[in-house]
Amino acid sequence: MGERLVSGECLVWRCPAGPLPAPLHALLDDAEQARARNLGHDAARTRFVTGRVMARLLAARYADTPPRQVVFTSTCRHCTGPHGRLEVHTGAGVLHLSVSHSAERILVAIARDTVCGVDIERVALRGDRIPVSALSPVERRVLADLPQPRRLAAFIRYWARKEAILKATGDGLVLSPADLTVSAPDASARLLSWENRPPPHVSVHLSDLAVGDDYRAALATLGRPLSIVERDVDPLAEASHL
Ligand SMILES: CC(C)(COP(=O)(O)OP(=O)(O)OC[C@H]1O[C@@H](n2cnc3c(N)ncnc32)[C@H](O)[C@@H]1OP(=O)(O)O)[C@@H](O)C(=O)NCCC(=O)NCCS
């Protein structure tokens, strides 16, 4: 029997996005391998492969099946294409997974029978200015009132919280993150309001995750709060018993 994932618990694996040895790539299914080949950028390919290998190792543990035989479904709620939230259907319920990559870090979250969304973002500017159009009017005012040196990290905190929610609902950036208002960056994580939210209006539970000074990360769950267990994981060590 595989290990039990306690109902009411969400396990989050944190790992580095370094390249994995070729034998671990063989854990991916044909569609994942084709997607990896089509990613032109080496760093993006490494992040994708590592994220999926880790998701397979984590799901395999609780689905009681070898990692190569884990079957992910990932139906997009907007177009039903295979690029939405990850699920694994088992005889003992549904395992919900969420993967996030940023720069050198990867997070994979898993929960049983409760939908989750995770997001990690490096504290770095992508263009030449903070894209405040992703913030609601309330959030923009909070950001503008902060001393300039604190604004980037505060924006990234906002962004990670919003994207975690939009990943949990399965909408992603099809919906505008500016429609969500989350609590101020220094306050405990909470969804305060959501304009134009499409049904179903299931309750959203939000938590910040501990990922060091250079990153910000958040986890959202739908319907109920979960007790979160965060763990640093070395992909090679995890795969060593295979
Ligand atoms: C979800 C989304 C915000 C993630 O952005 P990102 O920069 O790739 O960020 P992350 O690294 O944090 O997340 C990647 C993971 O998000 C997950 N993901 C993708 N779409 C998702 C969705 N709609 N809901 C939840 N999770 C989703 C995938 O599992 C992906 O992991 P993978 O690369 O192993 O497949 C972005 O991909 C998105 O908005 N997708 C939907 C938008 C869209 O245009 N969909 C088509 C409409 S029909």
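The name given to the protein in an unreviewed UniProt entry is 4'-phosphopantetheinyl transferase, with Verrucosispora sp. MS100047 as the source organism. The Sequence similarities (unreviewed entry) comment attached to the protein in UniProt states, word for word, "Belongs to the P-Pant transferase superfamily. Gsp/Sfp/HetI/AcpT family."

The calculated volume of the largest pocket comes to roughly 1,000 Å³. Looking at the largest pocket, it is lined by 35 residues, and the ones nearest its centre are Arg35, Arg52, His83, Gly84 and Val99. Put simply, the parts of the chain that give the lining of the largest pocket at least two residues each are helix H2 (30-38), helix H3 (42-63), strand S3 (93-102), strand S5 (116-122) and helix H5 (148-168). The leading source of residues in the lining of the largest pocket is S3, at five residues. Taken together, the residues of the lining of the largest pocket sort by class into 14 nonpolar, nine polar and twelve charged. Composition of the lining of the largest pocket by domain shows at least three residues from each of domain 1 (1-113 + 228-242) and domain 2 (115-225). Space inside the second largest pocket adds up to approximately 280 Å³. Lining the second largest pocket are 15 residues; nearest its centre among them are Glu121, Arg122, Ala124, Arg126 and Ile156. Looking at the lining of the second largest pocket, the elements with two or more residues in it are S5 and H5. The residue inventory of the lining of the second largest pocket, partitioned by class, reads nine nonpolar, two polar and four charged.

Moving on, we get to the pattern of salt bridges. Tallied over the entire structure, the rule returns 15 salt bridges. Put simply, glutamate 87 and arginine 85 hold a salt bridge, and the shortest N to O gap is 3.6 Å. Judged by relative accessible area, arginine 85 falls into the partly exposed class, the value being 24%. Taken together, the shared-partner salt bridges connect Asp29, Glu32, Arg52 and Arg56 into one network.

Take the domain arrangement of the protein next. The assigned domain composition of the protein is domain 1 (1-113 + 228-242) and domain 2 (115-225). Just the C-alpha atoms count here: the centres of domain 1 and domain 2 sit 23 Å apart. Taken together, the contact between domain 1 and domain 2 spans 25 residues of the former and 24 residues of the latter. Overall, the association of domain 1 and domain 2 removes approximately 2,100 Å² of surface from exposure, summing both partners, and the carbon and sulfur fraction of that is 58%. Summed over the shared surface of domain 1 and domain 2, the result is one salt bridge. Two residues, aspartate 171 and arginine 77, come together in a salt bridge whose shortest N-O distance is 3.3 Å. Here domain 1 is connected to domain 2 by 14 residue pairs in polar contact (both at pLDDT 80 or more). Looking at the side of domain 1 that touches domain 2, the elements with two or more residues in it are strand S1 (9-16), S3, strand S4 (105-112) and strand S10 (227-232). The dominant element in the side of domain 1 that touches domain 2, judged by the number of residues it contributes, is S3, at seven residues. Among the residues making up the side of domain 1 that touches domain 2, the classes are represented as nine nonpolar, eight polar and eight charged.

To continue, consider the packing of aromatic side chains. Under the defined criterion, the tally for this structure stands at one aromatic pair. With a centroid separation of 6.4 Å and an interplanar angle of 25°, the aromatic rings of phenylalanine 155 and tryptophan 159 are classed as stacked. Pair noted here: phenylalanine 155 and tryptophan 159 are both in helix H5, with a separation of four residues, about one helical turn. Side by side, phenylalanine 155 and tryptophan 159 carry an identical accessibility label, which is buried. Its end group placed over the ring of tyrosine 215, arginine 105 keeps NZ or CZ at 5.8 Å from the ring centre.

Cut-offs applied
Starting afresh in each chain, residues are numbered from 1 along the sequence in its written order. Where totals are concerned, whole chains, interfaces and linings use all residues; where local detail is concerned, this predicted model gives features only for residues with pLDDT of at least 70, and gives and counts side-chain atom pairs only at 80 or more. Side-chain measures here rest on the full set of heavy atoms in the structure, leaving out hydrogens and waters. UniProt positions are given in the numbering used here, feature names are shortened, and annotations may be inferred rather than shown by experiment. Cavities and pockets were defined on a 1 Å grid built over protein atoms only: a cavity is a set of grid points that admits a 1.4 Å probe from which the probe cannot escape, a pocket is an open set flanked by protein on both sides within 12 Å along at least five of seven lines, and lining residues are those with an atom within 4 Å of any such point. Grid points are joined across faces, edges and corners, and a volume is the space filled by probe spheres set on the points. Helical segments are the DSSP runs of H or I of at least four residues, strand segments are the runs of E of at least two, and each set is numbered from the N terminus. Only Asp, Glu, Lys and Arg are considered charged in this grouping, and only Ala, Val, Leu, Ile, Met, Phe, Trp, Tyr, Cys and Pro are considered nonpolar; every other residue, Gly among them, is considered polar. These domain boundaries are the output of an automatic or database domain assignment. One speaks of a salt bridge when a side-chain nitrogen belonging to Lys or Arg is within 4 Å of a carboxyl oxygen belonging to Asp or Glu. Only protein chains enter the accessibility calculation, which uses a 1.4 Å probe. A residue is then buried if its area is under 20% of the maximum for its type, exposed if over 50%, and partly exposed in between. Any pair of residues with heavy atoms lying within 4.5 Å of one another is described as a contacting pair. Accessible area that two parts lose when put together, with a 1.4 Å probe and added across both, is what the buried area reports. What qualifies as a polar contact is a pair of N or O atoms within 3.5 Å, subject to a donor-acceptor requirement within protein and to the restriction that residues adjacent in sequence count only when both atoms come from side chains. Note on aromatic pairs: the rings of Phe, Tyr and Trp (six-membered ring only in Trp) are paired at centre separations within 6.5 Å, and the planes decide the class, stacked below 30 degrees, edge-to-face beyond 60, tilted for the rest. Distance and angle both matter: a charge sits over a ring if NZ of Lys or CZ of Arg is within 6 Å of the ring centre and within 35 degrees of the ring normal.

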